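Fold and geometry: a report
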Amino acid sequence: MRSRSNLPLILVLLAGLLAGPAQAHGGVGLRTIEVREPRTDTVMPAMVFHPTPEGTATTMVGAYEIEGEFSSPLAPCRHPLILLSHGHGGSAVGHHPLAVSLARAGYIVAAIEHAGDSYRDQSGFGTDKVLLGRAWQISALIDALMKAPELGERIDDDRIGVAGFSAGGYTSLLLLGATPKGGSHARYCAEFPQDEELCVHSPSRTIHFDQHPHTVDPRIRSAFVMAPLAVFFDRESLGAVIQPVFVHAAMADTVLKPRWNALAVRDGVRNLRGWRGIVGADHYVYLAPCPAQMARSVPDLCHDPEGVDRERLQAQIAELARSFFDETLLDAVPK
């Protein structure tokens, strides 16, 4: 969640048959899609990772070397869809190892760059444009994908899930029915008034959440949340989430205190399907491993505490996410 206004430009990113288990394919295809932010008409880029029957090499996207290629054909049949929501100040490729792993398992994965809350535009920080608009942006992404040539007809719209990190975890919970409340945020700031991001600099205390439209998207059936932001939710609002949720937590998180965030979600949602807490891991362990140049430029985002192997941990997270979505999307009875 920490503001990353100085994040360098090296991050610049650029009717079917299948109704059963997702199938592994030869490689991962990449494509981009543009989405219009529903309230401001701002254009948001999104990256799509999809299964392809062809073997694929790697592609440089900004600073990252991603396992996948543009112009690769989309594997036939229909595929379940996962929406991927980044954290505050993030990008559409900041969680590419997770996206690639799910695409290899047969999922179409779409990662948006959130308007007003990305590495290149943080103008909506702490406002309703972000604290509510993030959810509307994910819904707009689904709409755009369904209308996109070739992609739309390959998506199984009965099997849609969401995965999110930090503010993206908050976004995922909004989409499943959690309602943000200013009182919960106020209680947090009364206990931690020196929290610069959530209490000192954030204008969010001026938002009247109950005066805005709902953020629920009934097309989304389950959520995998990583170090989720949750100080805007109380136990009642988290209890409104009845769809399956998996919570993954960094137990040494210095950005989002686990007791108020990940652990509150774990203990508050009604249908917790899984939980994992990593002792010693800090907040940014969920970001893709950093190339050397990025590690030198933004060490706070790239360096992990001693004993934490980010690459190995992310492979484990990807396997947990795949198993969770297999269980909650593929084995579930269609709506």
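Reading guide: rules and limits
- Residues numbered from 1 in each chain as written.
- Predicted model: local features only at pLDDT ≥ 70, side-chain atom pairs only at ≥ 80, totals over all residues.
- Heavy atoms only, no water.
- Core = buried A, V, L, I, M, F, W, Y, C linked by side-chain atoms within 4.5 Å.
- Buried < 20%, exposed > 50% of the residue type's maximum accessible area, 1.4 Å probe, protein only.
- Helix = DSSP H or I, 4+ residues; strand = E, 2+ residues; numbered from the N terminus.
- Contact = heavy atoms within 4.5 Å.
- Disulfide = S-S within 2.5 Å.
- Phe/Tyr/Trp six-rings, centres within 6.5 Å; stacked < 30°, edge-to-face > 60°.
- Pairing = 2+ DSSP bridges.
- Lys, Arg positive; Asp, Glu negative; His and termini not counted.
- Salt bridge = Lys/Arg side-chain N within 4 Å of Asp/Glu carboxyl O.
- Polar contact = N/O pair within 3.5 Å; in protein donor to acceptor, adjacent residues only side chain to side chain.
- Axes fitted to C-alpha atoms, helices over the stretch in contact; angles between N-to-C directions.
- pLDDT = per-residue confidence, 0-100.
- Parallel < 35°, antiparallel > 145°, perpendicular 65-115°, else oblique.
- Nonpolar A, V, L, I, M, F, W, Y, C, P; charged D, E, K, R; others polar.

Let's talk about the nonpolar core
With 104 residues, the main nonpolar core has Phe49, Leu83, Tyr107, Leu145, Phe224 and Phe325 as its most contacted residues. Residue contributions to this core peak at nine residues, all from helix H12 (residues 310-330). Contacts of Leu83, omitting those with residues within four sequence positions, involve Ala110, Ile138, Leu141, Ile142, Leu145, Ile160, Gly161, Val162 and Ala163.

A few points about the state of the cysteines
By definition, a disulfide links two cysteine residues through a covalent bond between their sulfur atoms. Considering all chains together, one arrives at two disulfides under this definition. Here Cys189 is linked by a disulfide to Cys199, with a sulfur-sulfur distance of 2.1 Å. Sign of the S-S torsion, about -90° for the bond between Cys189 and Cys199, identifies this disulfide as left-handed. Of the two residues, Cys189 is situated in helix H6 (residues 182-191) and Cys199 in helix H7 (residues 196-200); the sequence distance between them amounts to 10 residues. Overall, Cys199 belongs to the buried group, its relative accessible area being 5%. What pairs with Cys290 in a disulfide is Cys302, and their sulfur atoms sit 2.1 Å apart. Disulfide Cys290 to Cys302: torsion about the S-S bond roughly -85°, handedness left-handed. Taken together, the residues Cys290 in the loop between strand E11 (272-278) and helix H10 (292-297) and Cys302 in helix H11 (residues 299-302) connect sequence positions 12 residues apart.

Focus on the packing of aromatic side chains
The full count for this structure, using the stated rule, is 11 aromatic pairs. Note on Phe224 and Phe324: the rings are 6.2 Å apart at their centroids and 50° apart in plane angle, and the pair reads as tilted. Here Phe224 is found in strand E9 (residues 222-226), whereas its partner Phe324 is found in helix H12, with 100 residues between them in sequence. What makes Phe324 buried here is its relative accessible area of 3%.

A short note on the pairing of strand E2 (residues 43-52)
Side chains on a regular strand alternate between the two faces of the sheet. Burial analysis of E2 places nine of its 10 residues in the buried class, which makes it a mostly covered element. Both strand E1 (residues 27-36) and E2 contribute to a ladder of 10 bridges, which runs antiparallel. Within the sheet, the bridge partner assigned to Ile33 lies in E2 and is Ala46. Linkage of E1 to E2, two consecutive antiparallel strands, is achieved through a turn of six residues, within which Asp41 is found at a positive phi near 65°.

Structural notes on the side chain of Asp195
The topology assignment puts Asp195 in the loop between H6 and H7. One buried charge, Asp195, has no salt-bridge partner; the nearest side chain with opposite charge is Lys257, at 4.1 Å. In terms of polar contacts, Asp195 uses its side chain to reach the side chain of Tyr188, at 2.6 Å. A distance of 3.1 Å separates a polar side-chain atom of Asp195 from the backbone nitrogen of Leu198. In this structure, Asp195 is in contact with Tyr188, Val200 and Lys257, ignoring residues within four places of it in sequence.

A few points about the sheet that holds strand E7 (residues 108-112)
Sheet strands associate in pairs through backbone hydrogen bonding, adopting either a parallel or an antiparallel arrangement. Spatially, the nine strands line up as an open sheet ordered E5-E1-E2-E7-E6-E8-E9-E10-E11, and their pairing is mixed. With one partner strand each, in any of the chains shown, strand E5 (69-70) and E11 form the two edges of the open sheet. Bridge analysis of E1 against E5 gives two bridges, and the strand direction is parallel. Counted as the bridge partner of Gly29 is Glu69 from E5. The sheet strands contacting helix H3 (residues 133-147) are E1, E2, strand E6 (79-85), E7 and strand E8 (155-165), and the helix crosses E1 at an angle near 115°. Each of E6, E8, E9, strand E10 (245-250) and E11 is contacted by H12, which is oriented at about 165° to E9, the strand it contacts most.

Overview of the environment of Trp275
Inspection of the secondary structure assignment puts Trp275 in strand E11. With residues up to four places along the chain from it excluded, the contact list for Trp275 reads Phe246, Val247, Ala249, Met251, Leu263 and Arg266.

Side note on the pattern of salt bridges
Overall, the coordinates contain 18 salt bridges when judged by the stated rule. Between Arg322 and Asp326 there is a salt bridge, with its nearest N and O atoms 2.4 Å apart. Of the two residues, Arg322 and Asp326 both sit in helix H12, four residues apart, roughly one turn of that helix.

What about the confidence of the model for the chain?
Considering every residue of the chain, the mean pLDDT works out to 89; 88% of them sit at 70 or more. Residue range residues 1-23 is modelled with pLDDT below 50. Its contacts to residues more than four positions away, or to other chains, number 79 contacts.

What about unusual backbone geometry?
Positive phi, close to 65°, is recorded for Asp41, a residue that is not glycine. Its identity is not glycine, yet Cys77 carries a phi of approximately 80°, on the positive side. Assignment of secondary structure puts Cys77 in the loop between E5 and E6.

Points about the packing of H3 against helix H5 (residues 167-176)
Helices that pack against each other are described as a pair by the angle of their axes relative to one another and the distance between those axes. Where H3 meets H5, the axes come as close as 9 Å, and the angle between the chain directions of the two elements is 70°. The orientation of H3 relative to H5 falls into the category roughly perpendicular. Here Arg134, Ala135, Ile138 and Ser139 of H3 lie close against H5, whose contacting residues are Ala167, Gly168, Thr171, Leu174 and Leu175. Partitioned by chemical class, the residues of the contact of H3 with H5 number five nonpolar, three polar and one charged.

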